[in-house]
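# Survey of secondary and tertiary structure
What follows is each chain in one-letter form.
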Amino acid sequence: MIHPDTELKHVNKDIGYGVFATKPIPRGTIVYVKDLFEIQFTQEQFDSLEQDYKTLAQKYSYTDEQGVWILSWDHAKYVNHRCDCNSISTGYGFEIAIRDIAEGEEVTDEYGLFNFEHELELTCHCMNCRKVLRTDDIDTYYAEWDSLIQQALQFVRDVEQPLWKFLDNETRTALMNYLNGHECYLSVLALKRVEEEHPYLIKMHKQAR
Ligand SMILES: [Zn+2]
């Protein structure tokens, strides 16, 4: 579920639609949560889909660390990538504003954390555009992204959080434990898809959480 102070707008013919802030959204605001209504399907279910459905899934879904495909029921699925994005996925699963987002500004995020199976040509044309989204971008940039997230997390308790009530209890507890200094920070590396054929990785991953 995307933050309520956003709307869907047509950007242009090449980009299609995008999500825009209807009010200022300050840094530290949770802008997306995986709520109960999100449509989820396994890799096996994806593999059994007709190609036309696969194409839609590849365009509008993201994949979590367990390989589950997640398709948003609302306009969260239209958030575009920018290499200088103003919001980003966290290791806790939700997305957070890493900069103040002005009224009317497009809400953008980092597709490098969505476990895409293939490289993707980027059309964002940002100042330091990576031009191509690579499947191992998370390994290259995780420290940079973690730093931005950790700075934003410091504001979580100071800003309005309309999506707070849609966070599951486990996520809320993990986040509060981090903010209160009882638990270590959970890196975005927790979002990296773990292949089933390497059970020891899954074990390591769980321990890291
Ligand atoms: Zn770019």
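Whatever comes next refers back to the structure up there.
What this report covers is the structure whose coordinates are included nearby. Just so you know, these numbers come straight off a predicted model, no measurement behind them.

Here we have three strands laid out as an open sheet, ordered β4-β6-β5, and antiparallel in their pairing. Looking along the sheet, the strands with just one partner apiece sit at the ends: β4 (39-41) and β5 (61-63). Neighbour to neighbour, the strand axes of the sheet diverge by 25° on average, direction disregarded.

Before going further, it helps to examine the nonpolar core. Ranked by size, the top nonpolar core spans 34 residues in total, and within it Val31, Tyr32, Phe94, Ile96, Ala97 and Ile149 carry the most contacts. For this core, the secondary-structure elements that each account for two or more residues are β2 (16-21), β3 (30-32), β9 (95-97) and α3 (137-153). For this core, the element with the highest residue contribution is α3, accounting for four residues. Discounting residues that sit within four places of it in the chain, alanine 97 has contacts with Ile25, Pro26, Arg27, Gly28, Thr29, Val31, Asn86, Ser87 and Ala152.

The rules behind the values
Residues numbered from 1 in each chain as written. Predicted model: local features only at pLDDT ≥ 70, side-chain atom pairs only at ≥ 80, totals over all residues. Pairing = 2+ DSSP bridges. Helix = DSSP H or I, 4+ residues; strand = E, 2+ residues; numbered from the N terminus. Axes fitted to C-alpha atoms, helices over the stretch in contact; angles between N-to-C directions. Core = buried A, V, L, I, M, F, W, Y, C linked by C-beta atoms within 7 Å. Buried ≥ 20, exposed ≤ 12 C-beta atoms within 10 Å, placed from the backbone. Contact = placed C-beta atoms within 7 Å.

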